[in-house]
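Here is how the chains run, residue by residue.
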Amino acid sequence: MASKIIASAVRRSLSPKLLPHIRPLSTAAAAAEPYDTSPGISMKGVKISGRPLYLDMQTTSPVDPRVLDAMLPYFVSQYGNLHSRTHLYGWESDEAVEAARAQVASLINASPKEIVFTSGATECNNISVKGVMHFYKEKKKHVITTQTEHKCV
């Protein structure tokens, strides 16, 4: 039942031209649905009433319907490696990423060349640390960090 409610909400948030790409969940997918609308939940021997709040938005978070609407074509039909410059799929992906880069830059009054997309925290932290090391390479020959830093640092 929860999967039908979610699918209905997603359908209402999408533009009509994208609806043909949305397929209903299979019976197996609906059975594996993680959303629970019952008054209580029991997991690993712990019983609680209602569904708990999820507060770890650093690693994952729900997708805004507007983002889903904008990204759906790239998940379904316009997928491609933007670094593959020899075919249409790569060209479309490259164009989409550059448009997104320009949008982000305009939001913060920056140049698109200043916007760098990374795949996650590890890549971002490595780029940051290596950038600082490169900037100070003539003056400093070491980096000091703490045990409380993320392990990728």
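Preceding this paragraph is the structure being described.
Values in this document were obtained by computation on a predicted structure and should not be read as measured data.

Undergrad: In this structure, what is going on with helix α3 (residues 65-76)? I would like to understand it.
TA: Each α-helix turn comprises 3.6 residues. Residues three or four places apart therefore point the same way. Along its 12 residues, α3 runs 16 Å from first to last C-alpha, staying within 8% of the 16 Å computed at 1.5 Å per residue. Between a side-chain oxygen at the N-terminus of α3 and the backbone nitrogen of Arg 66 the separation is 2.7 Å; the capping residue is Asp 64.

Undergrad: Just checking my understanding: could you explain the pattern of salt bridges for this structure?
TA: A side chain with one charge may pair with a side chain of the opposite charge, provided their charged atoms come close. Under the definition given, this model contains 3 salt bridges. Ionic pairing is found between Asp 94 and Arg 85, a salt bridge with its closest N-O pair at 3.5 Å. For Arg 85, a relative accessible area of 51% corresponds to the exposed category. Its salt-bridge partner being Glu 98, residue Arg 101 comes within 3.2 Å of it at the nearest N-O pair. In this pair, Arg 101 and Glu 98 both sit in helix α4 (residues 88-107), 3 residues apart, roughly one turn of the helix. What makes Glu 98 partly exposed here is its relative accessible area of 37%.

Undergrad: Explain the side chain of Arg 101 to me, please; I cannot follow it from the model alone.
TA: Looking at Arg 101, the relative accessible area reads 15%, which means it is buried. Not counting the four nearest positions on each side in its chain, Arg 101 is found in contact with Pro 112, Ile 115, Val 116 and Phe 117.

Undergrad: I'm lost on the state of the cysteines in this one. Help?
TA: Put plainly, a disulfide is one covalent bond tying together the sulfur atoms of two cysteines. For the structure on display, the rule yields 0 disulfides. In this structure Cys 124 is not part of a disulfide, and its nearest cysteine sulfur, from Cys 152, lies 8.8 Å away. Here Cys 124 falls in the partly exposed class, since its relative accessible area comes to 35%.

Undergrad: Could you clarify how one ought to interpret unusual backbone geometry in this entry?
TA: Peptide bonds are, in most cases, trans, and in most cases residues other than glycine have a negative phi. Not every positive phi belongs to a glycine, and Asn 109 is a case in point at roughly 55 degrees. Inspection of the secondary structure puts Asn 109 in the loop between α4 and α5 (121-135).

Undergrad: Help me understand α4, please; the structure alone is not making it clear to me.
TA: Spanning 20 residues, α4 covers 29 Å between terminal C-alpha atoms, matching the ideal 28 Å at 1.5 Å per step. When we look at burial in α4, the residues that qualify are Gly 90, Ser 93, Arg 101 and Ala 105. For α4, the arc enclosing every buried residue in end-on projection is 110 degrees, short of the 170-degree limit, so these residues lie on one face. Along α4, the residues that are exposed and aim more than 90 degrees away from the buried face are Leu 88, Glu 95, Gln 103, Ser 106 and Leu 107. Looking at the residues trailing α4, positive phi occurs at Asn 109, about 55 degrees.

Undergrad: Looking at this structure, how should I read the pairing of strand β2 (residues 46-49)?
TA: For a regular strand, the rule is simple: side chains alternate between the two faces of the sheet. Bridge count between strand β1 (residues 40-43) and β2: 4 bridges; the pairing is antiparallel. By the bridge assignment for β2, Met 43 is matched with Val 46. Hairpin connection of β1 to β2: 2 residues between the antiparallel strands, including Lys 44 at a positive phi of 55 degrees.

Undergrad: Hey, could you run me through the packing of aromatic side chains in this one?
TA: Aromatic rings in a pair are described by how distant their centres are and how their planes are angled relative to each other. If you walk through the whole model with that rule in mind, you get 2 aromatic pairs. Where Tyr 79 meets Tyr 89, the ring centres are 5.6 Å apart and the plane angle is 25 degrees; that geometry is what we call stacked. Residue Tyr 79 is found in the loop between α3 and α4, and its partner Tyr 89 is found in helix α4; the two are separated by 10 residues along the sequence. For Tyr 89, a relative accessible area of 39% translates into the label partly exposed. Ring centres 4.9 Å apart and planes at 90 degrees place the aromatic pair Phe 135 and Tyr 136 in the edge-to-face group.

What counts, and where the lines are drawn
- Within every chain, residues take consecutive numbers counted from 1 along the sequence as written.
- pLDDT decides what is reported in this predicted model: residues at 70 or higher carry local features, side-chain atom pairs at 80 or more are listed and counted, and totals for whole chains, interfaces and linings draw on all residues regardless.
- Hydrogen atoms and water are omitted, and side-chain values are computed over all heavy atoms in the structure.
- Runs of E in the DSSP output that reach at least two residues are strands. Runs of H or I that reach at least four are helices, and both are numbered from the N terminus.
- Expected helix span is computed as 1.5 Å times (number of residues minus one).
- Side-chain atoms alone can form a polar contact between residues adjacent in sequence; in general such a contact is a pair of N or O atoms within 3.5 Å, and within protein one must be able to donate a hydrogen while the other accepts it.
- When a carboxyl oxygen of Asp or Glu lies within 4 Å of a side-chain nitrogen of Lys or Arg, that pair is called a salt bridge.
- The buried label goes to any residue with under 20% of its type's maximum accessible area, the exposed label to any with over 50%, and the partly exposed label to all in between, with areas taken from a 1.4 Å probe on protein chains only.
- It only takes one pair of heavy atoms within 4.5 Å for two residues to be counted as in contact.
- Disulfides are defined in this document as cysteine sulfur pairs within 2.5 Å.
- Directions drawn from the helix axis to the C-beta atoms are what define this arc.
- Two strands qualify as a pair provided that DSSP identifies no fewer than 2 bridges between them.
- In this scheme Phe, Tyr and Trp rings, the latter by its six-membered ring, pair at centre separations within 6.5 Å, and the angle between planes marks the pair as stacked below 30 degrees, edge-to-face above 60, and tilted otherwise.

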